[in-house]
Protein chains: 2
Amino acid sequence: MEDFLPVINYVSRHIQLTDEEKSYLASLLRITRVKKKQYIVQPDFVCKYKSYVVKGALRSFLMGNEGQEHTISIAIEDWWIADYHSYINQVPATLFVEALEDSILIQIDYNAEQLLMETHPKFERFFRIISQRSLASTQHRMLSNLSKTAEQRFEEFETKYPKMMNRIPQYIIASYLGFSSEFLSKIRNNRTKKS
Amino acid sequence: MEDFLPVINYVSRHIQLTDEEKSYLASLLRITRVKKKQYIVQPDFVCKYKSYVVKGALRSFLMGNEGQEHTISIAIEDWWIADYHSYINQVPATLFVEALEDSILIQIDYNAEQLLMETHPKFERFFRIISQRSLASTQHRMLSNLSKTAEQRFEEFETKYPKMMNRIPQYIIASYLGFSSEFLSKIRNNRTKKS
DNA sequence: ATTTTTACCTGTCCTATTTCAAGCTCATTT
DNA sequence: AAATGAGCTTGAAATAGGACAGGTAAAAAT
């Protein structure tokens, strides 16, 4: 059970858990180690697991028809990642989920999650809270994309996720913010001139 | 209670309700009528209610610094609308929610929703399911915005929401899809030439 | 130790989309 | 009946950001 403490703590930040609930939750989890560049989800395969990042970094992205990669989400320590559409509907994925560094993950599979909610309805609350939070933050991202320029979005990203700036390659950040890596390079260049 | 049947039916599509639960739910709802152009949410005021559209059409939008309107969501019959960030955190809104037609709404307020979940935990499940669904669809919208051209997004909108095409002004659809209304006009013009 | 690959930068040209300005049509108000 | 305003169109000029090509340095693979 010690192995799963990071997830148990994560859940405990949102709902109160008894010892029985903690160990039942732990019984449904598993640990996985992945190497840099390894895919844990691929198009056409159902995304069976939702992954909590204990150590490392991953991203989910869409491969466009002309080979352009569009990063949907980035996860470092204490974040979750999956192809959510594939996961919640248990249909084939459209995204890749790729390790950006050697990583350690704690995973829960779809059936276990359903079982968890059926036997312990308290977890419905947990999943509701985190879905609502991600919904609010995804909507905020939409809003930034609609109303801000590339440079403004980049600044917002820097202040919001300083830890990612050092670790995540810039071409991935660019593809997350919705512009080309060359353009990001130009933004940075302009800034050093100004200052 | 007849007045609230649309919402009771909506909820019943996702979870099974007893008669007691239905009438308790109904006791927490209220009906509101709004006229075209009326705001039901405004920046700096807390968004107290989540609104289900019985009849009519509304949108939520952000007013940019230079006066550009960015439409975040559009709701017609059988949709819900609110400034979600303001609603779930009970902090001042940043969005407007505006009636696009004379409308009839069924509303639930934040405290009633919390009470509902505490006294009848079954509703946690309902709110979880709909948050997850909106999360999946918001992520899909992000993905379209990142990977598709203006014309492709417009085509996607047409096939996905045909009912809105007839009712919602084009400048609002453009601001929802993330481009100018003039450009939408040009897209349509190009198409009639081709066909 | 050397070769290959990855991430990043820079310049030039290119295009999707914006901005501005004007005009048109239809519905609503007076 | 005139006036107003909302929504849509059109065209010309401007621009944010993209695509391409080439170059460098460091990291990773052999």
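If you're wondering where the values come from, they're calculated on a predicted model, not measured in any experiment. (Residues numbered from 1 in each chain as written. Chains lettered and ligands numbered in written order. Predicted model: local features only at pLDDT ≥ 70, side-chain atom pairs only at ≥ 80, totals over all residues. Heavy atoms only, no water.)

## Some thoughts on the nonpolar core
At step 1: One finds B:Val11, B:Leu25, B:Leu116 and B:Phe123 to be the most contacted residues of the largest nonpolar core, which totals 40 residues.
At step 2: Ranked by size, the runner-up nonpolar core spans 38 residues in total, among them A:Phe4, A:Leu28, A:Ala75 and A:Tyr110. (Core = buried A, V, L, I, M, F, W, Y, C linked by side-chain atoms within 4.5 Å. Buried < 20%, exposed > 50% of the residue type's maximum accessible area, 1.4 Å probe, protein only.)

## Structural notes on the sheet that holds strand β7 (residues 96–99) of chain A
At step 1: Ordered by their spatial adjacency, 4 strands build an open sheet running β2-β7-β4-β5 (chain A), and the pairing between neighbours is antiparallel. Whereas interior strands pair on both sides, the edge strands pair on one side only; in this sheet they are β2 (39–41) and β5 (69–75) of chain A. The mean angle between the axes of side-by-side strands here comes to 30°, regardless of whether they run parallel or antiparallel.
At step 2: As paired strands, β2(A) and β7(A) are joined by 2 bridges and run antiparallel to one another. When the bridges of β7(A) are listed, A:Val41 appears paired with A:Val97.
At step 3: Sheet contacts for helix α8 (residues 170–177) of chain A: β4 (58–63) and β5 of chain A; angle to β5(A), the most-contacted strand, approximately 100°.
At step 4: Its contacts with the sheet place helix α5 (residues 122–147) of chain B against β4 and β5 of chain A, and it is angled at close to 140° to β5(A). (Pairing = 2+ DSSP bridges. Helix = DSSP H or I, 4+ residues; strand = E, 2+ residues; numbered from the N terminus. Axes fitted to C-alpha atoms, helices over the stretch in contact; angles between N-to-C directions. Contact = heavy atoms within 4.5 Å.)

## What about the packing of aromatic side chains?
All names here are of chain A.
At step 1: Summed over the entire model, instances satisfying the criterion amount to 24 aromatic pairs over all chains.
At step 2: With a centroid separation of 6.1 Å and an interplanar angle of 75°, the aromatic rings of Phe179 and Phe183 are classed as edge-to-face.
At step 3: A relative accessible area of 13% means that Phe179 is categorised as buried.
At step 4: Chaining the aromatic ring pairs together yields one cluster made of Tyr10, Tyr52, Trp80, Phe126 and Phe127. (Phe/Tyr/Trp six-rings, centres within 6.5 Å; stacked < 30°, edge-to-face > 60°.)

## Quick look at the interface of chain A and chain B
At step 1: Taken together, the contacts link 30 residues of chain A with 30 residues of chain B.
At step 2: For the pair chain A and chain B, the summed buried surface comes to about 3000 Å²; carbon and sulfur atoms form 70% of the total.
At step 3: For chain A, the biggest contributors to the area lost against chain B are A:Arg128, A:Met142 and A:Leu146; these three give 21% of the whole.
At step 4: Linking chain A to chain B there are 4 salt bridges.
At step 5: For A:Glu124, the salt bridge is made with B:Arg125, and the minimal N-O distance between the two is 2.7 Å.
At step 6: The tally of links between chain A and chain B comes to 6 residue pairs in polar contact (both at pLDDT 80 or more).
At step 7: Elements supplying a minimum of two residues to the side of chain A that touches chain B: β5, α3 (84–89), α4 (110–119), α5 (122–147) and α8 of chain A.
At step 8: Per-element accounting of the side of chain A that touches chain B gives the leading share, 17 residues, to α5(A). (Buried area = accessible area lost by both parts, 1.4 Å probe. Salt bridge = Lys/Arg side-chain N within 4 Å of Asp/Glu carboxyl O. Polar contact = N/O pair within 3.5 Å; in protein donor to acceptor, adjacent residues only side chain to side chain.)

## Focus: the protein's contact with DNA strand D
At step 1: In the region of DNA strand D, 18 residues are neighbours, and A:Ser180, B:Gln170, B:Tyr171, B:Ser185 and B:Asn189 sit closest.
At step 2: Those atoms of DNA strand D that come within 4 Å of the protein belong to sugar or phosphate at a rate of 68%.
At step 3: Within the contact set of DNA strand D, a phosphate oxygen lies 3.3 Å away from a backbone nitrogen or oxygen of A:Ala150.
At step 4: Here a base nitrogen of DNA strand D sits 3.2 Å away from a polar atom, N or O, in the side chain of B:Lys186.
At step 5: If you list the elements that add at least two residues to the surface near DNA strand D, you get α6 (150–160) and α9 (181–194) of chain A together with α8 (170–177) and α9 (181–194) of chain B.
At step 6: Looking at the surface near DNA strand D element by element, the count peaks at 5 residues for α9(B).
At step 7: A per-class count over the surface near DNA strand D returns 5 nonpolar, 6 polar and 7 charged. (Near = heavy atom within 4 Å. Nonpolar A, V, L, I, M, F, W, Y, C, P; charged D, E, K, R; others polar.)

## Focus: the sheet that holds strand β8 (residues 103–109) of chain A
Hydrogen bonds along the backbone pair up the strands of a sheet, which may run parallel or antiparallel.
All names here are of chain A.
At step 1: Strand order in the open sheet made by the 4 strands is β1-β8-β3-β6, with antiparallel pairing throughout. Every interior strand has two partners, whereas the edge strands, β1 (29–34) and β6 (80–81), have only one.
At step 2: In this sheet, β8 lies alongside β1 in antiparallel orientation, the contact comprising 6 bridges. By the bridge assignment for β8, Ile31 is matched with Ile106.

## Quick look at the domain arrangement of chain A
All names here are of chain A.
At step 1: Taken domain by domain, chain A holds domain 1 (2–146) and domain 2 (148–195).
At step 2: Here domain 1 and domain 2 have C-alpha centroids that lie 25 Å from each other.
At step 3: Taken residue by residue, the interface counts 19 residues in domain 1 and 15 residues in domain 2.
At step 4: Buried area between domain 1 and domain 2, both sides added, is near 1400 Å², and the carbon and sulfur share of it is 56%.
At step 5: Among the residues of domain 1 in contact with domain 2, Ile74, Ile76 and Ser144 are the three that bury the most area, contributing 34% of the side total.
At step 6: The interface formed by domain 1 and domain 2 holds 2 salt bridges in total.
At step 7: In this structure, the salt-bridge partner of Glu101 is Arg167, at a minimum N-O distance of 2.9 Å.
At step 8: Elements supplying a minimum of two residues to the side of domain 1 that touches domain 2: β5 and α5.
At step 9: Per-element tally for the side of domain 1 that touches domain 2: the top contributor is β5, with 6 residues.
At step 10: Grouping the constituent residues of the side of domain 1 that touches domain 2 by class yields 7 nonpolar, 7 polar and 5 charged. (Domains from an automatic or database assignment.)

## Looking at the protein's contact with DNA strand C
At step 1: A:Lys37, A:Gln170, A:Tyr171, A:Asn189 and B:Ser180 are the nearest of the 18 residues found near DNA strand C.
At step 2: Counting only atoms of DNA strand C within 4 Å of the protein, the sugar-phosphate share comes to 68%.
At step 3: Taking A:Tyr171, its side chain carries an N or O atom lying 3.0 Å from a phosphate oxygen of DNA strand C.
At step 4: Of all the secondary structure elements, the ones that give two or more residues to the surface near DNA strand C are α8 and α9 of chain A together with α6 (150–160) and α9 of chain B.
At step 5: With 5 residues, α9(A) is the largest single contributor of residues to the surface near DNA strand C.
At step 6: Looking at the surface near DNA strand C, its residues break down into 5 nonpolar, 6 polar and 7 charged.

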